[in-house]
Amino acid sequence: MKILVTGANGMLGVDLCAELTSAGHTVIRADSGIRDGLSLPAWVRIDVTSTKEVAECVLYHQPDAVIHAAAYTDVDGCERDPDLAYRVNALGTWNVAAVCGTHHITLFYISTDFVFDGSKKEPYTEFDVPNPISSYGASKLAGERYVASLCSRHFIVRTSWMFGAHGKNFPDAILRKAGAQSEIGVVCDQIGSPTYAPDLSRALVALLESPLYGTYHITNAGHCSWHEFAKKAVELAGVKGVEIKPMPATAWPSPTRRPAYSVLRHYALELQGRDNLPPWADALNRFITARKS
Ligand SMILES: NC(=O)c1ccc[n+]([C@@H]2O[C@H](COP(=O)([O-])OP(=O)(O)OC[C@H]3O[C@@H](n4cnc5c(N)ncnc54)[C@H](OP(=O)(O)O)[C@@H]3O)[C@@H](O)[C@H]2O)c1
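Residues numbered from 1 in each chain as written. Predicted model: local features only at pLDDT ≥ 70, side-chain atom pairs only at ≥ 80, totals over all residues. Heavy atoms only, no water.

Time to look at the side chain of Thr-219. As for its position among the elements, Thr-219 is in the loop between β11 (214-217) and β12 (224-225). Of the residues examined, Thr-219 reaches a relative accessible area of 1% and is grouped as buried. A polar contact is formed between the side chain of Thr-219 and the side chain of His-266, at a distance of 2.7 Å. Leave out the neighbours within four places in its chain, and Thr-219 touches Thr-159, Ser-160, Ser-193, Thr-195, Leu-264, His-266 and Leu-277. (Helix = DSSP H or I, 4+ residues; strand = E, 2+ residues; numbered from the N terminus. Buried < 20%, exposed > 50% of the residue type's maximum accessible area, 1.4 Å probe, protein only. Polar contact = N/O pair within 3.5 Å; in protein donor to acceptor, adjacent residues only side chain to side chain. Contact = heavy atoms within 4.5 Å.)

Take a look at the structure:
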């Protein structure tokens, strides 16, 4: 298949394009700013907030599917500048959904656990009602609604706590600090499911051939707090002499309210008998091993 990926230069985008290519698909990589050395013919520069640019790009390349991973992902930035959040995450997705819907192109939209408020005490299924408590979550939910209403052949894939080799990520930040500090305070009262970008990429590639359009939750299996995530990263990296101290979310300086509990149950995959995502600690181990080499 010919697949156009927006946000191709981002943390998920880079791994996803590699996975699509190794599965034999033709990949059109689209992003807002292309790093030096990557302006190859297969790269396309687009601003998803431009209706014209999005339509021209999609119509020129005529993909079988679009995977829309581009987003304004700075959660605190979204809180400070909600107009920018809505411009990129809502209008940008509106543009992509409109052209895909009109031209019957399958659309994958990558969404987030932040569409939920975090008040539930057990994992959220795809049938739970979203209620975002941040601008990032609200703008991503607005994107979901455009996708669902404008493009019948859609997959809305919610994921969470992503980490990978090609972007700013939590385990890297912890391991950098662990090399420089003897004590690190980490939030212990927010619970979620860490997700390794290559594992999510494989799951997305597997969904490409499915006729069962709709909403899916895809994360690594299991859940933890940020504190447990940090402790496991330090343990797997073999770093000694640093204490990871539990800290309440209220002690973390941020303008953003985050869900206290945002574990996503992969209910749609479970119902289809295809929920086979590996555990997050196994994924973290692979990430740390790859980081060392
Ligand atoms: N990271 C997570 O923990 C997480 C969790 C749940 C869901 N998600 C979702 O997963 C998707 C991928 O996330 P990620 O972490 O890979 O994000 P990322 O590393 O921030 O990458 C996002 C990409 O989108 C591009 N982009 C931003 N504004 C754009 C615009 N106006 N036009 C075109 N491209 C634009 C960025 O390019 P520039 O940098 O050049 O602007 C960047 O390459 C996003 O939809 C995100 O909402 C992420």
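Moving on, there is more to tell.
This next bit is on the site of the ligand. Neighbouring the ligand are 25 residues; Leu-12, Asp-31, Thr-73, Tyr-136 and Lys-140 lie closest to it. Within the backbone of Ala-69, one N or O atom sits 3.2 Å away from an oxygen atom of the ligand. In this structure, Met-162 approaches the ligand through a main-chain N or O atom, which is 2.9 Å from an oxygen atom. Out of a free accessible area of 900 Å², the ligand has 79% covered by protein chains. Residue assignment for the shell around the ligand shows that the elements contributing at least two residues are α1 (11-22), β5 (106-112) and α5 (135-150). Counting residues per element, the shell around the ligand draws most heavily on β5, which supplies three residues. Of the residues that constitute the shell around the ligand, the class distribution is 12 nonpolar, 10 polar and three charged. (Near = heavy atom within 4 Å. Areas by Shrake-Rupley, 256 points an atom, 1.4 Å probe, with all protein chains shown as cover. Nonpolar A, V, L, I, M, F, W, Y, C, P; charged D, E, K, R; others polar.)

The next thing to look at is the pattern of salt bridges. For the structure shown, the criterion picks out 12 salt bridges. Residue Arg-258 pairs with Asp-76 through a salt bridge whose shortest N-O separation is 3.5 Å. Residue Arg-258 is found in the loop between β13 (243-247) and α9 (267-271), and its partner Asp-76 is found in helix α3 (residues 75-80); the two are separated by 182 residues along the sequence. Its relative accessible area of 15% is what places Asp-76 among the buried residues. As a salt-bridge pair, Arg-202 and Asp-199 come within 2.7 Å of each other at their nearest N and O atoms. Taken as a pair, Arg-202 and Asp-199 lie in helix α7 (residues 197-207) at a separation of three residues, close to a single helical turn. The exposure class of Asp-199 is buried, given its relative accessible area of 4%. (Salt bridge = Lys/Arg side-chain N within 4 Å of Asp/Glu carboxyl O.)

Read from one edge of the open sheet, seven strands run β3-β2-β1-β4-β5-β6-β11, paired in parallel fashion. Lying at the two open borders of the sheet, with one neighbouring strand each, are β3 (43-45) and β11. The sheet shows a mean angle of 20° between the axes of neighbouring strands, direction not considered. Pairing analysis gives four bridges linking strand β1 (residues 2-6) to strand β4 (residues 65-68), with the strands arranged parallel. Bridge pairing in β4 places Ile-3 opposite Ala-65. Each of β1, β2 (26-31), β4 and β5 is contacted by α1, which is oriented at about 165° to β2, the strand it contacts most. (Pairing = 2+ DSSP bridges. Axes fitted to C-alpha atoms, helices over the stretch in contact; angles between N-to-C directions.)

Let us look at the environment of Asp-199. Sequence separation of Asp-199 and Asn-220 is 21 residues, and the distance between their C-alpha atoms is 7.4 Å. Beyond its immediate stretch of four places on either side in the chain, Asp-199 contacts Asn-220, Leu-277, Pro-278, Ala-283 and Arg-286.

Aromatic ring pairs are reported here in terms of the distance separating the ring centres and the angle at which the planes meet. Evaluation of the coordinates by the stated rule reveals 17 aromatic pairs. Centre to centre, the rings of Phe-155 and Tyr-213 are 5.3 Å apart; their planes meet at 65°, and the pair counts as edge-to-face. Of this pair, Phe-155 sits in strand β6 (residues 154-159) while Tyr-213 sits in the loop between α7 and β11, and the two are 58 residues apart along the sequence. Each ring, one from Tyr-196 and one from Phe-287, has its centre 6.0 Å from the other, and the planes form 80°; the classification is edge-to-face. Here the residue Tyr-196 occupies a position in strand β10 (residues 195-196), and Phe-287 occupies one in helix α10 (residues 280-292), the gap between them amounting to 91 residues. (Phe/Tyr/Trp six-rings, centres within 6.5 Å; stacked < 30°, edge-to-face > 60°.)

What follows covers empty space enclosed by the protein. A full pass over the atoms with the stated rule returns one cavity of 30 Å³ or more. Taken as a whole, the largest cavity spans an internal volume of roughly 30 Å³. As for the largest cavity, its lining consists of Phe-114, Trp-161, Gln-190, Trp-226, Arg-258, Pro-259 and Ser-262. (1 Å grid on protein atoms, 1.4 Å probe; cavity = no way out; pocket = protein on both sides within 12 Å on 5 of 7 lines; lining within 4 Å. Points joined across faces, edges and corners; volume = space filled by probe spheres on them.)

On to α1. Three- or four-residue spacings in an α-helix give side chains the same orientation, since the helix completes a turn every 3.6 residues. For α1, built from 12 residues, the straight-helix expectation of 16 Å at 1.5 Å per residue is met to within 8% by its first-to-last C-alpha distance of 18 Å. With respect to burial, α1 is a largely interior element, nine of its 12 residues being buried. Of all the positions in α1, only Met-11, Leu-12, Gly-13, Val-14, Asp-15, Leu-16, Cys-17, Glu-19 and Leu-20 are classed as buried. Considering only its buried residues, α1 is in contact with β1, β2, β4, β5, β7 (162-163) and α7. Positioned one or two residues after α1, Gly-24 has a phi angle of 95°, which is positive. (Expected span 1.5 Å × (residues − 1).)

Worth remembering: the numbers are spatial, not functional.
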